[in-house]
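Architecture and fold: a report
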Amino acid sequence: MSLKLLIPDIGDFDNVEIIEILVKKGQKINKNDPVVTLESDKSSVEVPSNHEGQVESINVKIGDKVSKGDLILTLSSNEEKSNEKIPPVTEKIIQEAESSINETDDVIETEDKNIKSKKLKEEVKIVANNKDIDPLETKDWMDSISAVLKKDGKQRAQFLIKELIEHSYKEGSDLVLSRNTPYINTISPEEETKSPGDQNIERKLRSFIRWNAAAMVVRANKKFPELGGHIGTFASAATLYDVGMNHFWRAKNNKFGGDLIYFQGHSAPGMYARAFLEGRLSKKQLDSFRQEVKHGGLSSYPHPWLMPNFWQFPTVSMGIGPMLAIYQARFMKYLINRGLMKDEGRKVWCFLGDGEMDEPESLGAIGLATRENLDNLIFVVNCNLQRLDGPVRGNGKIIQELEGIFRGAGWNVIKVIWGSYWDSLLANDKTGHLIKIMNETVDGEYQAFKARNGLYVREKFFGKYPETLELVSAMSDKDIWRLNRGGHDPHKVYAAYDKAVKNTGSPTVIIAKTIKGYGMGKTGESVNTTHQQKKLDVDDLLYYRDRFDVPLNDEQVKNIEYFKPDENSEEIKYLKEKRMKLGGFIPERTSYSKPIKTPSKDIFDFMKVSTGDKEMSTTMALVRILTNLLRDKNVAPKLVPIIPDEARTFGMEGFFQKIGIYAHEGQKYEPEDSAQLSSYREEKSGQVLEEGITESGSMSSWIAAGTSYTNHDIEMIPIYLFYSMFGFQRIGDFAWAAGDSQTRGFLIGATAGRTTLAGEGLQHQDGHSHLISSTIPNCISYDPTFHYELAVIFREGLRRMHEKNENIFYYITTMNENYSHPEMPKEKNCEEGILKGIYKIKEHSKYKKTKIQLLGSGAILREMMLAAEVLQDEYQIDSEIWSVTSFNELRRDGLEVERYNLLNPTEEKKITYLEKCLGKTEGPILAASDYMRMNADQIRPYTSKSFYSLGTDGYGRSDTRKNLRRFFEVDKQHIVTYGLSVLAKEQLIASKYAEEAIKKYNIDKNKPMPTKL
Ligand SMILES: Cc1ncc(C[n+]2csc(CCOP(=O)(O)OP(=O)(O)O)c2C)c(N)n1
Ligand SMILES: [Mg+2]
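Residues numbered from 1 in each chain as written. Chains lettered and ligands numbered in written order. Predicted model: local features only at pLDDT ≥ 70, side-chain atom pairs only at ≥ 80, totals over all residues. Heavy atoms only, no water.

Let's shift gears to the overall build of the chain. Along the chain, the regular secondary structure elements total 36 helices and 28 strands. Put simply, the chain has 1013 residues, and 56% of those count as buried. Nonlocal contacts in the chain, meaning residues at least 24 apart in sequence, comprise 76% of its contacts between residues at least 6 apart. For the chain, the accessible area works out to roughly 44500 Å², and carbon and sulfur atoms hold 50% of it. Positive and negative side-chain charges in the chain, numbering 138 and 145 respectively, have mean positions lying 4 Å apart. (Helix = DSSP H or I, 4+ residues; strand = E, 2+ residues; numbered from the N terminus. Buried < 20%, exposed > 50% of the residue type's maximum accessible area, 1.4 Å probe, protein only. Contact = heavy atoms within 4.5 Å. Areas by Shrake-Rupley, 256 points an atom, 1.4 Å probe, with all protein chains shown as cover. Lys, Arg positive; Asp, Glu negative; His and termini not counted. Charge placed at Lys NZ, Arg CZ, Asp CG, Glu CD.)

The next thing to look at is the sheet that holds strand β2 (residues 16–21). Backbone hydrogen bonds hold the strands of a sheet together, and the pairing may be parallel or antiparallel. Pairing is antiparallel across the open sheet formed by four strands, whose spatial order is β5-β4-β2-β7. The open sheet has two edge strands with one neighbour each: β5 (44–48) and β7 (65–66). With two bridges connecting them, β2 and β7 associate as antiparallel partners. Along β7, the bridge assignment pairs Val 16 with Val 66. Against the sheet, helix α22 (residues 618–629) contacts β2, β4 (34–39) and β5, and its axis sits at roughly 35 degrees relative to β5. (Pairing = 2+ DSSP bridges. Axes fitted to C-alpha atoms, helices over the stretch in contact; angles between N-to-C directions.)

Turning our attention to the site of ligand 1. Surrounding ligand 1, one finds 17 residues, the nearest of these being Thr 233, Asp 354, Gly 355, Glu 356 and Lys 516. Between Met 318 and ligand 1, the recorded distance is 3.1 Å, taken from a backbone N or O atom to a nitrogen atom. With respect to ligand 1, the side chain of Asp 354 contributes an N or O atom lying 2.8 Å from an oxygen atom. Protein chains bury 76% of the 590 Å² of accessible surface belonging to ligand 1 in isolation. (Near = heavy atom within 4 Å. Polar contact = N/O pair within 3.5 Å; in protein donor to acceptor, adjacent residues only side chain to side chain.)

Bringing the sheet that holds strand β13 (residues 508–513) into the picture now. The strand order β9-β10-β11-β13-β12 describes an open sheet built from five strands, whose pairing is parallel. Each of the sheet's edge strands pairs with one partner strand only, and the pair in question is β9 (260–262) and β12 (412–416). For this sheet the average axis-to-axis angle between neighbouring strands, irrespective of direction, equals 15 degrees. Of the strand pairs in this sheet, strand β11 (residues 377–383) and β13 are connected by six bridges, and their pairing is parallel. The residue of β13 that forms the bridge with Cys 383 is Lys 513. Strand contacts of helix α5 (residues 232–248): β10 (348–353), β11 and β13, with the helix running at about 150 degrees to β11, the strand carrying the most contacts.

Below, the discussion takes up the pattern of salt bridges. Across all of its chains, the model carries 60 salt bridges by this definition. One salt bridge connects Lys 139 with Asp 143, and the closest N-O pair in it is separated by 3.1 Å. Separated by four residues within a single helix, Lys 139 and Asp 143 lie in helix α3 (residues 135–170), roughly one turn from each other. Among the residues examined, Asp 143 registers a relative accessible area of 39% and is labelled partly exposed. (Salt bridge = Lys/Arg side-chain N within 4 Å of Asp/Glu carboxyl O.)

This part is about the environment of Trp 702. Considering the arrangement of structural elements, one finds Trp 702 in helix α24 (residues 695–706). For Trp 702, a relative accessible area of 0% puts it in the buried group. With residues near it in sequence (within four places) discarded, Trp 702 still touches Ile 642, Pro 718, Ile 719, Tyr 720, Ala 738, Thr 743, Gly 745, Phe 746, Leu 747 and Phe 809.

On to the packing of helix α35 (residues 972–985) against helix α36 (residues 992–1000), then. For the pair α35 and α36, interaxial distance at closest approach is 8 Å and the crossing angle is 160 degrees. Between α35 and α36, the angle is such that the two are roughly antiparallel. Pair α35 / α36 crosses with left-handed handedness. Facing α35, whose interface residues are Thr 977, Leu 980 and Ser 981, α36 presents Tyr 993, Ala 994, Ala 997 and Ile 998. Split into classes, the residues belonging to the contact of α35 with α36 amount to five nonpolar, two polar and no charged. (Parallel < 35°, antiparallel > 145°, perpendicular 65-115°, else oblique. Left-handed = near helix turned anticlockwise from the far one by under 90°. Nonpolar A, V, L, I, M, F, W, Y, C, P; charged D, E, K, R; others polar.)

Moving on, we get to unusual backbone geometry. Most peptide bonds are trans, and most residues other than glycine sit at a negative phi. In this chain, Ile 586 is followed by Pro 587 through a cis amide linkage whose omega measures -5 degrees. Along the polypeptide, Pro 587 turns up in the loop between α21 (570–581) and β14 (615–616). For Lys 848, which is not glycine, the phi torsion reads 55 degrees and is therefore positive.

Another aspect to go through is α36. Taken together, the buried positions of α36 are Ala 994, Ala 997 and Ile 998. The buried side chains of α36 occupy one side of the element, clustering within an arc of 105 degrees when seen end-on. Buried residues along α36 sit in contact with α30 (860–875) and α35. (Arc of directions from axis to C-beta.)

On to the side chain of Asn 778, then. Within the element layout of this structure, Asn 778 appears in the loop between α27 (769–773) and β21 (779–782). Exposure remark for Asn 778: the relative accessible area of 6% places this residue in the buried category. A polar contact is formed between the side chain of Asn 778 and the backbone oxygen of Gly 739, at a distance of 3.0 Å. Excluding residues within four positions of it along the chain, Asn 778 makes contact with Trp 305, Gly 739, Asn 807, Ile 808 and Phe 809.

Here Ser 781 shows up in strand β21. Only 2.6 Å separates the side chain of Ser 781 from the side chain of Ser 773, close enough to count as a polar contact. Side-chain polar atoms of Ser 781 contact the side chain of Asn 888, separated by 3.3 Å. Look past the residues within four positions of Ser 781 in its chain and what remains in contact with it is His 770, Ser 773, Tyr 811, Thr 885, Ser 886, Asn 888 and Glu 889.

As a further point, take the environment of Ile 834. Here Ile 834 shows up in helix α29 (residues 830–836). Looking at Ile 834, the relative accessible area reads 0%, which means it is buried. Sequence spacing of Ile 834 and Ile 18 is 816 residues, and the spatial spacing of their C-alpha atoms is 30 Å. Setting aside residues no more than four positions away along its own chain, Ile 834 makes contact with Tyr 782, Tyr 788, Glu 789, Val 792, Ile 793, Tyr 839 and Thr 885.

Here we come to the coordination of the magnesium ion (ligand 2). Around the magnesium ion (ligand 2), the donor atoms from the protein are Asp 354 (OD), Asn 384 (OD1) and Gln 386 (O), and they sit 2.0 to 2.1 Å away. In primary sequence terms, the donor set of the magnesium ion (ligand 2) follows D-x29-N-x1-Q. With a gap of 32 residues between them, Asp 354 in the loop between β10 and α9 (360–364) and Gln 386 in the loop between β11 and α11 (398–408) connect regions that are remote in the sequence. Since its relative accessible area comes to 1%, Asp 354 is described here as buried. (Donors = N, O, S within 2.8 Å, 3.2 Å for Na, K, Ca; no water.)

Take helix α13 (residues 433–440) next. Among the residues of α13, His 433, Leu 434, Ile 435, Ile 437 and Met 438 are the ones counted as buried. Residues of α13 that are buried sit in contact with α3, α12 (423–427), α14 (443–451) and α16 (466–471).

What follows concerns the confidence of the model for the chain. Chain-level pLDDT for the chain is 93 on average; 94% of the residues reach the 70-or-more range. Segment residues 101–129 is flagged for pLDDT under 50; beyond a separation of four residues in sequence, or across chains, it makes nine contacts in the model. (pLDDT = per-residue confidence, 0-100.)

Burial of nonpolar side chains together is a common tendency in soluble globular proteins. Ile 326, Phe 379, Trp 411 and Phe 794 are the most contacted members of the largest nonpolar core, which has 171 residues in total. The leading source of residues in this core is helix α8 (residues 320–337), at eleven residues. Once residues within four sequence positions are removed from consideration, Trp 411 is found in contact with Ile 326, Ile 366, Ala 369, Thr 370, Leu 377, Phe 379, Phe 406, Pro 507, Thr 508 and Val 509. Ranked by size, the runner-up nonpolar core spans 74 residues in total, among them Phe 234, Phe 289, Trp 311 and Val 416. (Core = buried A, V, L, I, M, F, W, Y, C linked by side-chain atoms within 4.5 Å.)

Listed below in structure tokens is the structure:
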């Protein structure tokens, strides 16, 4: 039978152009195969076939304008002509409704037949629904509370309710309806899973690691006091790391993907000290801690760029680690749900300081972790109650505060507050006074206790109530001093980790209480200055040795020698055996990903021809590129488009239907626009990461995808599109971390430019992102004007990053200004020039008297081109016009060449690419972009020619493009005027021409610089 394929509902658009016909007459097509591409002035979208069959006739051609209901083609098909299709979601709703009607029928039937069975059924349902199973009992409780309210008021009623909740928690109910539980461990001693480890050996190993970590910092600072480093942080966290290393964290190997661990930045010395025992780092390397200039030094903190075979994640800029870890865990699920990776139960662990939790970013994405059911994510917050200057919450309790926040966000919270020595005390606390003091004591006091001694704790803590003083009456001060904190107790930590890894359905946070500078004695333990402690004198060192029984004699301690047991010792054997059982060493960074073959050169050929009268923006050109890439079988599955709620702004709504939006639960509703072609489609295997309004979250996703080649051995191509203003300046630190992480992928600063994004105003108009991006050494930035430039740059980016695996990333700005795009110039070095940053796009040489070199970038190149025509037509001035695709790249080339020449004074001079292009040309240079003058000025030192620049310095403001360009003096008229003035200054023409132009164009000489307005 013959079927008609019509233009579907395309939303608010009418008369949309057909830009591609993707099928041929006679071709067999499947259902959902794209048949034509439509393009409005805002977006392009493919129309899929809704039937399978053979194309009989094609009723449209490229360039036709079509609207809903127009005939595209006819198909001969064997399919039965189906009735109007019911969307699957509607179908599901109908089915559910039908089945619930059936259920009700069942109940009625059962009621008639057998009353008892119905009751049973109801009972189960009631309990499951949290409804009332004993209304009489409930009424008793209600009456009691009402009586209290009437008699003693609401404070008393509130108090009783709180007491009841706490009581029920103590009695074993963990379904407590409160933000907080009492200040005791979440896991009761009876519930704890026991560690299978040899505690004796593990303690020894931990002591050696502690010693070597401290020794490494002290030795470095003895040699060079300026080097710095931290002892107190790892001292507080050693047990938290050791339990993970000995029992939980599985390394990547050829059989398993490995757990991913984000180590707290300042605890890096501990990781080096362990790697030393593992035989992965030498003494010599430990002795080069923080001395990285010579090859082989150890970086201060985790930096993959500096130690690319060791560190996996940069974390030391606080708040970055937690966000990166959350999106990492999410990206793991994304890869699994898209069928690109097996689900092996891998986990992401993230270690954080309690002070670090002050960073808004640290808590900023915890809601996402719950929404996405990230049970592959475990946070460990080391609550040593101190940050750099002093207590984190001297007057409160950080553990309780965090518990409330994380519980509120739906996390599984495990508090590890007290060590095993407290167990019997808590069990004997029949009056509840011990828990009462625990709840009442603030962190400032807890810190002070550990800076003092057992007697002080007896008096100030247990001494608060006679009942608690009595509780410890049989204990010596020394016993009281030994009452340990949960984070230093390997049993408690093991039990918490065990519970965390078994948790399903939600992320887990382990909140562990520790002591900053644990074991450092008077000068370091729990004192406010611990964080800065990087030197220990001999007495401190001897104390530390004794405290942890490190087998070094006094002389060795004085020499601050490292300690490593013999390779055949039981300790080293144990340590290695544990790691071998867990698959290898951690941290370690490797990559075995397969490169992605770059699409053939001709894939973007359609971008090299003129668009004729058709106008489009470079943002739209980019969307066309992406649409085409989605037809390349190598590239398509690896693309990860990331958008923070701006798909429609960038004309990308066509992607919703084409590749779907990733949603781990699929789509549980029928979208409002389900009848439309670009309807909002969420899917478990969806490809687009629609992040919502979070630039830092989107950036974290981009980093996760762009480092997938090492974290999962899968090369992915993330493309994150954002308003360029909300890019680098918003998430600069993440971009820096991306560079450190060697992220590969594209950042697209869309709607870019200070004057190109017209109406949006001061906080939207970007005139400096290229300057910020230029600060990142491995970020390659481009500001293209025309579609073919974009195509050449994009393809090269794919080749360099994803086929050749260069550890770089691309920042490309695209605009939303519509204009027609010319054909790509035929010169053979055009592509080379586009990539190096400059090429000649046009030359006017009619008069052969006076010449000027005009360099334009991004949107302002077109103003240059227009100005050149005026200069020629009205002033008989010739010009060469250069499209500068990247001032940043030209500057980098300039820096290198200049350095080479200065270091090789006797050699033949090298020439910058800029000089190669412009060195022999006539006339001065006038350069302009839609960015601050500093953008173009970057290349000023690398040419011997006179150089002048224009730019958009100052705050943006809303107005029309035309007015803005005039205001910032980068429009055609200003370029002409400045051009004439430059030529006058160079004594190439008389100055009267510039004066005339100023008058002619009504340029106000007295207008202040835009920076002052
Ligand atoms: C974004 C950022 N701001 C400031 C610092 C400087 N800094 C380093 S450590 C530190 C205190 C850390 O306290 P906490 O998170 O409690 O870690 P601890 O050492 O106590 O485990 C500060 C402020 C930093 N590294 N990153
Ligand atoms: Mg701290």
